[in-house]
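If you want the building blocks of each chain, they are given just below.
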Amino acid sequence: MNIDIACIPGDGIGPEIVAEAKKVLEAVCRTYGHTISFTDLYMGGCAIDRFGVPLPEETVETAKKKAAVLMGSIGGDAKTSPWYRLEPSKRPEAGLLAIRKALGLYANLRPAYLFQELADSCPLAAKEGGRKFDLVIVRELTGGLYFGERWTKTIDGVETAVDTLKYNENEIRRVAKTAFEIAQKRRKKVTSVDKANVLDTSRLWRKVVHEVAEDFPDVEVSDMLVDNCAMQLVKDPEQFDVILTENMFGDILSDEASMITGSIGMLSSASLNETSFGLYEPSHGSAPDIAGQNIANPIATVLSAAMMLRYSFGLTKEAAAIEAAVRKTLADGFRSKDLMPRDPEEAKGLTEVSCSGMGDAIAARIA
Ligand code: IPM
Ligand code: MG
């Protein structure tokens, strides 16, 4: 197969981690007899510097012609970067929101599982039989507070801001359907997360999710309030299979879910529409504080590339080969800086590697 994709390296550590994911993709293509080509596109701060806008038209047009987009990360240091002196709609993050909307990527899948090799980095209290969790957050990505009307103005001398949280039943139905379909291929359990004790949008969410559930009688569905879910994630993440939730709750819960895996550097993501097209990116940000030092952890981006092969190209074996190579690399004791235990005793037998060193180690283990 010829795999022709767009890449958005972006800002901060983005270019470094995307370079490693490309390296691993090239290795898997060599092993499995595919060809691959990459077209790099501008988005975020680097696009502002070059074109004056965070999402150039050409980026959207080219992305639409490809089967998938692999992204690094966008944004900079909000305190020091000139990008954050621009009005909010012209900042790097606005580019990311705009591309999600322009490509109709309403379903954001964020898997969080504990690699047994990293079980010691899991910050949760030990559990009898050891910690073992494997969940995926399905986050609605093109609605809710992120895309509602917003304004800031002074009313009767008082500065006032409004953000609007709006969902219609169709937006809820399509992402719920995605979550149930994913659950069917996993442990057949959907936990729908909302704030139905307060919000009208959540009450509508709950109603529509249960309507969709009727079409999936083999999947068990339950509801959970978002504050309780935040607590349950640190108490008993093993209870979850698929967590389905709206945009803002999903943003927050997915950072929490990533941290319980030991490092935010491990969490991949796929943003999908109703076709096989997808945008794949790590769930973490651009980490400007460590950019350009070759110390970032590229694993989340490498695992996002695996998701891309699985969801956009149907290359299940090749995706599994990447995941197995990551596991093997960890089992062989390679750790990026964020994964190195602080305690020298625990660090015994482990090798600290750079960002490119991690990419090389994974690429070398593709089988
Ligand atoms: C994420 C990020 C983005 C979001 C930011 C950068 C706008 O936090 O992908 O989770 O909030 O969606
Ligand atoms: Mg986030």
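Below you will find a few notes about this structure. (Residues numbered from 1 in each chain as written. Chains lettered and ligands numbered in written order. Predicted model: local features only at pLDDT ≥ 70, side-chain atom pairs only at ≥ 80, totals over all residues. Heavy atoms only, no water.)

### Notes on the site of ligand 1
Our working rule: Proximity criterion: a residue is near a molecule or strand once any of its heavy atoms comes within 4 Å of it. Polar contacts here mean pairs of N or O atoms no more than 3.5 Å apart (in protein, one a potential hydrogen donor and the other a potential acceptor; neighbouring residues in sequence count only if both atoms are side-chain atoms). Note on areas: Shrake-Rupley, 1.4 Å probe, and residue coverage restricted to the protein chains presented here. Gly is placed with the polar residues, together with every amino acid not listed as nonpolar (Ala, Val, Leu, Ile, Met, Phe, Trp, Tyr, Cys and Pro) or charged (Asp, Glu, Lys and Arg).
In the vicinity of ligand 1, the contacting residues are Glu-93, Arg-100, Arg-110, Arg-139, Tyr-146 and Asp-251. One nitrogen or oxygen atom from the side chain of Arg-110 is found 2.8 Å from an oxygen atom belonging to ligand 1. Relative to its unbound accessible area of 320 Å², ligand 1 is 76% covered by the protein chains. Class assignment of the residues belonging to the shell around ligand 1 gives a composition of 1 nonpolar, no polar and 5 charged.

### Remarks on the packing of aromatic side chains
The cut-off we apply is this: When two rings of Phe, Tyr or Trp (its six-membered ring) have centres within 6.5 Å they constitute a pair, described as stacked for plane angles under 30 degrees, edge-to-face for angles over 60, and tilted for the intermediate range. We count a stretch as a helix when DSSP gives it H or I for four or more residues in a row; a strand needs E for two or more, and each element gets its number in order from the N terminus. For each residue, the accessible area found with a 1.4 Å probe, counting protein chains only, is set against the maximum for its type, and the residue is called buried under 20%, exposed over 50%, and partly exposed in between.
For the structure shown, the criterion picks out 4 aromatic pairs. Arranged with centres 5.6 Å apart and planes meeting at 70 degrees, the rings of Tyr-167 and Trp-205 form a pair that is edge-to-face. On the criterion of sequence distance, the pair formed by Tyr-167 in the loop between strand S7 (158-163) and helix H5 (169-184) and Trp-205 in helix H6 (residues 200-213) is long-range, its members being 38 residues apart. With a relative accessible area of 8%, Tyr-167 lands in the buried category. For Trp-205, a relative accessible area of 2% corresponds to the buried category.

### Side note on the nonpolar core
The cut-off we apply is this: Residues enter a nonpolar core if they are buried and are Ala, Val, Leu, Ile, Met, Phe, Trp, Tyr or Cys, with the set joined through side-chain atoms within 4.5 Å. Residue contacts are counted whenever heavy atoms from the two residues lie within 4.5 Å of one another.
Judged by nonpolar contacts, the single largest core of 66 residues is most densely connected at Ile-5, Leu-25, Leu-109, Leu-244, Ile-299, Leu-309 and Ile-322. Of all the elements, helix H9 (residues 299-313) adds the most residues to this core, at 9 residues. Those residues in contact with Leu-25 that sit more than four places away from it in its chain are Ile-5, Ile-36, Phe-38, Leu-70, Ala-305, Met-308, Leu-309 and Ile-322. Counting residues in each nonpolar core, the second largest holds 19 residues, with Val-193, Phe-240, Ile-243 and Phe-249 among its members.

### What to know about the pairing of strand S10 (residues 242-245)
Selection rule: Two strands form a pair only when DSSP identifies at least two bridges running between them.
Side-chain alternation along S10 places Val-242 and Leu-244 on one buried face and Ile-243 and Thr-245 on a second face that is also buried. Two elements, strand S5 (residues 134-140) and S10, share 4 bridges in a ladder whose sense is parallel. Among the inter-strand pairings, Val-138 is bridged to a residue of S10, identified as Leu-244. Of the strand pairs in this sheet, strand S8 (residues 189-194) and S10 are connected by 4 bridges, and their pairing is parallel. Across the sheet, the residue bridging to Val-193 is Thr-245, located in S10.

### So, the pairing of strand S9 (residues 220-225)
Inclusion rule: By convention, a crossover is right-handed whenever its connection, traced from the first strand over the helix to the second and viewed with the strands pointing away, goes clockwise.
Examined bridge by bridge, S8 and S9 share 6 bridges and lie parallel to one another. By the bridge assignment for S9, Val-193 is matched with Met-224. One crossover worth recording links S8 to the parallel S9 by way of H6, and it is right-handed.

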